[in-house]
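Observations on the model geometry
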Amino acid sequence: MLALSKRLSLIASLVKSGSRVCDVGTDHGYLPAFLYLSGKMKSVVATDIRKKPLASAKSNLERLEATGVRLILCDGLEAVTRDMADTVIIAGMGGEVISGIIDRAAFLRDSTVELILQPTTAAKELRQYLSKNGFEVGREIAVIENGKIYSVMLVNFTGKPYTLNSVQELIGILKPDSPDAIEYISKQYRIAQKCADDLAKVSYKQEQYNYYLNLSNQLKEILGG
């Protein structure tokens, strides 16, 4: 059986059996191959905007005998329809890019569609987009891989926008209940604390100083003081 990295294994574990899955920006195709070979999925589709990664994915799928995965050359989800996917994975790209893909795919505004999102950067901006546009994060898990830390979000559309506070923008609904989550929150704490320290002696930036000081104190409290 194909062995996935820690990050991809986590993402795969969040996909429900019997799903019609679409992996957006599939790159090497290992995740859709794993899901197809599990025999637990109704169907598996993989997309990529570039021909070269899709050709690489095709070669890997053939080598792994996972040729039942359908490959589509397209930008995001532009060639994918609701009847092709009830679980959509958008992982390994920036949060603003993920937001744009979601924004252009009207069928994702269906509460029965599950989104599994894993931003590499701009997680704050992704959380802001989701909250403003009525996408609820029902579960969030931190994962460390190759010295980098990521958040994986399980998301559904509710149509009900909500407001995030400054802490929620940074750590979402993560709690310090695992070593990886503790490190994710700790990283945000260190950044906020450094910002506060850098602004402490700049008199005309008192407002920014107070903001980061309060933010770092809240994150420290979440971590247990």
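Summarised in this report is the structure supplied together with it.

On to the packing of aromatic side chains, then. Inspection of the entire model under this criterion finds 3 aromatic pairs. On the basis of an interplanar angle of 80 degrees and a centroid distance of 5.0 Å, the ring pair of Tyr211 and Tyr212 is categorised as edge-to-face. Of the residues examined, Tyr211 reaches a relative accessible area of 35% and is grouped as partly exposed. Among the aromatic residues, ring-to-ring pairing joins Tyr129, Phe135 and Phe157 into one connected group.

With a phi angle near 60 degrees, Asp27 is a residue other than glycine that sits in the positive phi range. Topologically, Asp27 is positioned in the loop between β1 (20–24) and α2 (30–37). When its relative accessible area of 37% is taken as the criterion, Asp27 is described as partly exposed. The phi torsion at Glu65 lies on the positive side, around 60 degrees, for a residue other than glycine.

Glancing now at the nonpolar core. Membership of the largest hydrophobic core comes to 29 residues, with the highest contact counts inside it found for Leu77, Val88, Ile102, Leu108, Leu117 and Leu130. If you list the elements that add at least two residues to this core, you get β1, β4 (87–93), α4 (95–103), β5 (114–119), α5 (123–132), β6 (135–145) and β7 (148–157). If sequence neighbours within four positions are ignored, Leu130 has contacts with Ile102, Leu117, Phe135, Val137, Met153, Val155 and Tyr162. In terms of nonpolar packing, the next biggest core, distinct from the first, is built from 26 residues, Leu2, Ala46, Val143 and Val152 among them.

With that settled, the discussion passes to the side chain of Asp23. Relative to the helices and strands, Asp23 is located in strand β1. Sequence-distant contacts of Asp23, that is, excluding residues within four places in its chain, are made with Leu31, Pro32, Val45, Ala46, Thr47 and Ile89.

This part is about helix α1 (residues 6–13). Every buried residue of α1 is accounted for by Arg7, Leu8, Leu10, Ile11 and Ala12. For α1, the elements touching its buried residues are α2, β4, β5, β6 and β7.

Bringing the side chain of Ser99 into the picture now. Tracing the backbone shows Ser99 in helix α4. Taking relative accessible area as the criterion, Ser99 reaches 8% and is therefore assigned buried. The residues touching Ser99, leaving out its near neighbours within four places in the chain, are Glu125, Leu126 and Tyr129.

Before going further, it helps to spend a moment on the packing of helix α7 (residues 179–199) against helix α8 (residues 206–222). A pair of packed helices is characterised by two quantities: the angle between their axes and the separation of those axes. The contact between α7 and α8 brings their axes to 8 Å, and the two run at 150 degrees. Of the possible angle classes, the one that applies to α7 and α8 is roughly antiparallel. In the crossing of α7 with α8, the sense of the turn from one axis to the other is left-handed. In this structure, α7 uses Ile185, Gln188, Tyr189, Ala192, Gln193, Cys195, Ala196 and Leu199 to contact α8, whose residues at the interface are Gln208, Tyr209, Tyr212, Leu213, Leu215, Ser216, Leu219, Lys220 and Ile222. Along the lines of polarity and charge, the residues of the contact of α7 with α8 split into 12 nonpolar, 4 polar and 1 charged.

Rules used in this analysis
Residues numbered from 1 in each chain as written. Predicted model: local features only at pLDDT ≥ 70, side-chain atom pairs only at ≥ 80, totals over all residues. Heavy atoms only, no water. Phe/Tyr/Trp six-rings, centres within 6.5 Å; stacked < 30°, edge-to-face > 60°. Buried < 20%, exposed > 50% of the residue type's maximum accessible area, 1.4 Å probe, protein only. Helix = DSSP H or I, 4+ residues; strand = E, 2+ residues; numbered from the N terminus. Core = buried A, V, L, I, M, F, W, Y, C linked by side-chain atoms within 4.5 Å. Contact = heavy atoms within 4.5 Å. Axes fitted to C-alpha atoms, helices over the stretch in contact; angles between N-to-C directions. Parallel < 35°, antiparallel > 145°, perpendicular 65-115°, else oblique. Left-handed = near helix turned anticlockwise from the far one by under 90°. Nonpolar A, V, L, I, M, F, W, Y, C, P; charged D, E, K, R; others polar.

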